[in-house]
Amino acid sequence: MFGFLKSNPFYKNKTREEFIEWFSKAKNWNKLNLKIINAIIDKFISDSFAFEVFVHTSENCNLISNNFIPLTQKVPLSQESDDYVDVLLSSFALTLYYTGVLFRDQFIEKMNAGETEIKELSRLLNLSQDSFESALKLNEFLFGAYGSLAFLRGLLNKDEEGLEYCKKGIEKMKKLESIDQDKLTDMQRVSLNDVNFFNKSIIEIEGNLKALRKNRKEERGR
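How each quantity is defined
Residues numbered from 1 in each chain as written. Predicted model: local features only at pLDDT ≥ 70, side-chain atom pairs only at ≥ 80, totals over all residues. Heavy atoms only, no water. Phe/Tyr/Trp six-rings, centres within 6.5 Å; stacked < 30°, edge-to-face > 60°. Helix = DSSP H or I, 4+ residues; strand = E, 2+ residues; numbered from the N terminus. Buried < 20%, exposed > 50% of the residue type's maximum accessible area, 1.4 Å probe, protein only. Arc of directions from axis to C-beta. Contact = heavy atoms within 4.5 Å.

Undergrad: Got a minute to help me understand the packing of aromatic side chains in this structure?
TA: Geometrically, a pair of aromatic rings is defined through the distance of the ring centres and the angle of the planes. For the structure shown, the criterion picks out 17 aromatic pairs. Ring geometry for Phe 10 against Trp 22: centres 4.8 Å apart, planes inclined by 80°, an arrangement best described as edge-to-face. Residue Phe 10 is located in the loop between helix H1 (4–7) and helix H2 (16–25), and its partner Trp 22 is located in helix H2; the two are separated by 12 residues in the primary sequence. Taking the centre distance of 6.5 Å and the plane angle of 55° together, the rings of Trp 22 and Trp 29 count as tilted. Here the two residues Trp 22 and Trp 29 agree in accessibility, since each one is buried. Taken together, Phe 10, Phe 19, Trp 22, Phe 23, Trp 29, Phe 44, Phe 51 and Phe 54 form an aromatic cluster joined through their ring pairs.

Undergrad: How should helix H10 (residues 186–193) be read in this particular structure?
TA: Residue pairs spaced three or four apart in an α-helix point in one direction, given the helix's 3.6 residues per turn. Listed as buried for H10 are Gln 188, Ser 191 and Leu 192. When H10 is viewed along its axis, its buried side chains cluster within an angular range of 105° and face the same direction. Seen from the open side of H10, the exposed residues pointing more than 90 degrees away from its buried face are Asp 186 and Asn 193. Buried residues along H10 sit in contact with helix H8 (143–155), helix H9 (159–178) and helix H11 (195–221).

Okay, structure coming up:
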């Protein structure tokens with residue numbers, strides 16, 4: 001799935017200046033102003049591989065054309081403001097999340113239908129996981145992504161990895177709840193309202209993964 005690393009010139013970028021130049025010239029990305037570009041770079045600059053995956057996944061789901069133009073028309077905020085950047089990046093994260101949900105559901109549907117083409121299943125799984133991971137880079141409080149990643153790892157009999165995603169999701173909920181509410185951004189307040197729902201969801205997934213882990217240990221012990 002990562003053959004694009006060889007052909008996409010994005011991977012050659014190493015410095016902030018090089019990233020800025022690439023975004024300022026690339027189709028659709030060049031609609032973003034410098035403040036937004038720098039905010040994206042801040043999210044990914046310490047993880048070049050995740051940055052490459054984010055760009056590739058974003059282009060596959062038309063992230064910028066689906067989000068940026070509508071927001072410039074509907075959000076009555078200065079494009080230079082921190083609030084605007086927060087709203088825009090959160091919108092990008094949601095688009096990536098729902099893209100991940102789409103591929104996740106296609107993956108599950110094909111598995112349940114007895115799909116035997118490993119290449120196709122791998123493609124859907126990778127696209128789903130990459131979308132969720134990229135979404136979390138933009139918005140660490142997008143709790144549904146932790147649950148979805150945990151669920152997918154469980155389907156692959158990787159219970160420990162799934163439990164780690166559950167742990168991360170619960171830790172992020174506690175982190176959000178610990179922030180002074182007067183200091184929360186508007187988008188963080190939205191996430192805070194979802195804590196109870198996703199806490200129950202992730203705890204349920206965690207319980208299922210622990211049960212599966214226990215069953216597999218018992219089977220190996222027979």
